[in-house]
Structure formats: structure tokens, C-alpha cells
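# Descriptive structure summary
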Amino acid sequence: NKGFYIARFEAGLAGTTDSTTTNDTNKQTQDGTVKPVSTKGVGVWNYIPWGGTDTDTASDGLPGNDNANGAVKVARSMYPTSDTVHKVTSTLCYGVQWDAALNFIDPNYESGNATGYVKDSTGKGNYSGNIVATGSNTNYQQKHIYDMAGNVYEWTMEAYGTSDRVYCGGHYRSAESNYPASNRDCSNPDSMFSGLGFRAALYL
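Throughout what follows, the structure given in this document is the object of discussion. (Residues numbered from 1 in each chain as written. Predicted model: local features only at pLDDT ≥ 70, side-chain atom pairs only at ≥ 80, totals over all residues. Heavy atoms only, no water.)

With that out of the way, let us pick up the sheet that holds strand β10 (residues 196–198). Taken in spatial order, the four strands line up as β9-β8-β7-β10 in an open sheet, and their pairing is mixed. Edge positions in the sheet fall to β9 (184–187) and β10, since each has one partner strand and no second. Recorded for the sheet is a direction-independent mean angle of 50° between the axes of neighbouring strands. Relative to β9, strand β8 (residues 164–168) is paired through four bridges, and the arrangement is antiparallel. (Pairing = 2+ DSSP bridges. Helix = DSSP H or I, 4+ residues; strand = E, 2+ residues; numbered from the N terminus. Axes fitted to C-alpha atoms, helices over the stretch in contact; angles between N-to-C directions.)

Structure follows, in C-alpha cells:
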């Protein structure tokens, strides 16, 4: 309609500076009562499922339950439709929004001729073996968007087949040349692990 903004940073938890590598019950408040933040220097909100299971059907008719606790519900809580003050609505990043951001970074992306960041994110993302805080290194940003490569995979609204939802990018323990910002993978909507987080987007 009037466009969208992709969050500059991965979704984080205010008041934290690191991320868990185990199933931390403090991070399981996934019902939207704790809102994510998009800001530098906070712990990445990881260990979060997309929402629902592969036998559920979401409002888009695809696998999962977007009203169940998880990344979709948390992303929407940032600026819900009931918020009439900010004039924006938040959502979990769509696959096409991820692609639009990559094409903004490298206009050769959509043509399939990308040779830089989006194809090989070596040195442009956190693949160190340890999760770092959001926006930890200026080398990890492109066009002022941080950490699309490395640190954590990021759930999107995109689906794959009849049982999976798609996540994009690489994560802190993956190989940077094999899992660049343009990487796509998928898993059941109830999957969650330390290298999986999300990014919000805003509709104007």
C-alpha cells in the first residue's frame, strides 16, 4: 500500500545483552505480552518457534498457526493493528520482503547475477561459533541493515510445502560461504533452537 520497512536489527529482548544456547524459560513468553525490540546491542530473541505445528493451518491456509505463541505473534505485538497512535503495523518479515531488502543491497540479486554479499557473506556476518548481540559489528551491516547474514537464522512468513515454514540467512555456527544472507531453509513451525530467531517488518 504505502510500502514497508524491514527492521534494521534482528528481533531482540530489551534489558538483555546476550542470547541463550539452551531452552531458557524466560524467553518462552511468546504470547505477545513481551514485545520485541529492534535496537543495537541487545540479546537476540532466539529459541522461538514460528507458531503452531505442521498439522495446523494458519490464516493464510499454509502450515502453522499464526495465532499460536511464537515468532509471528510476537512480531505482530510490536505494533499491533489496535495501535492507533503510531500509524504502522508490525508483522513477521515476509520472504518477499527479505528478497526486496537483498535486492536493495545488491540490485543483481533478483537477476541471479549477484556476486557479492548476498551470494557469499564471508566477513559480513557473525559465523564465529557464538551468538553476539544485535548490531555487534559495523562490518555486519549492508545499507544500514544488520545481521541478515550469520548470527541467527530468521523465520519468515514464507512456507515450503505443506509442513514447513522458511527461515533465511545463516547462523553463528554455519559456514559463511555456504549460508550467506540469501540462504533459505525450512523447518516445522514448532521448531526452535539457539540459532533461530526472527526479524520484524513494518507496514505504513
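Once the structure has been displayed, the description carries forward.
Turning to the pattern of salt bridges, a few remarks are in order. Under the criterion given, the structure shown has five salt bridges. Across the pair D60 and R165 runs a salt bridge, and its minimum N-O distance is 2.9 Å. Note that D60 is positioned in the loop between β3 (43–44) and α1 (71–78) and R165 in strand β8, a separation of 105 residues in sequence. Judged by its relative accessible area of 37%, D60 is partly exposed. Ionic pairing is found between R76 and D66, a salt bridge with its closest N-O pair at 3.2 Å. Taken together, the residues span a long stretch of sequence, with R76 in helix α1 and D66 in the loop between β3 and α1 at a distance of 10 residues. When salt bridges with common partners are traced through the structure, they connect D99, E158 and R184 into a single cluster. (Salt bridge = Lys/Arg side-chain N within 4 Å of Asp/Glu carboxyl O. Buried < 20%, exposed > 50% of the residue type's maximum accessible area, 1.4 Å probe, protein only.)

A few words now on the layout of surface pockets. There is about 240 Å³ of room inside the largest pocket. Around the largest pocket, the lining residues are F4, Y5, I6, A7, R8, Q97, A100, A101, F104, K143, H144 and I145. Where the lining of the largest pocket is concerned, the elements lending two or more residues are β1 (4–6) and α2 (95–105). In terms of residue count, α2 provides more of the lining of the largest pocket than any other element does, four residues in total. (1 Å grid on protein atoms, 1.4 Å probe; cavity = no way out; pocket = protein on both sides within 12 Å on 5 of 7 lines; lining within 4 Å. Points joined across faces, edges and corners; volume = space filled by probe spheres on them.)

Phi is positive for H144, close to 70°, though the residue is something other than glycine. Topologically, H144 is positioned in the loop between β5 (141–142) and β6 (145–146). For H144, a relative accessible area of 53% corresponds to the exposed category. One non-glycine residue with positive phi stands out, namely N151, at about 70°. Relative to the elements of secondary structure, N151 occurs in the loop between β6 and β7 (153–160). On the accessibility criterion, N151 (0% relative accessible area) is buried.

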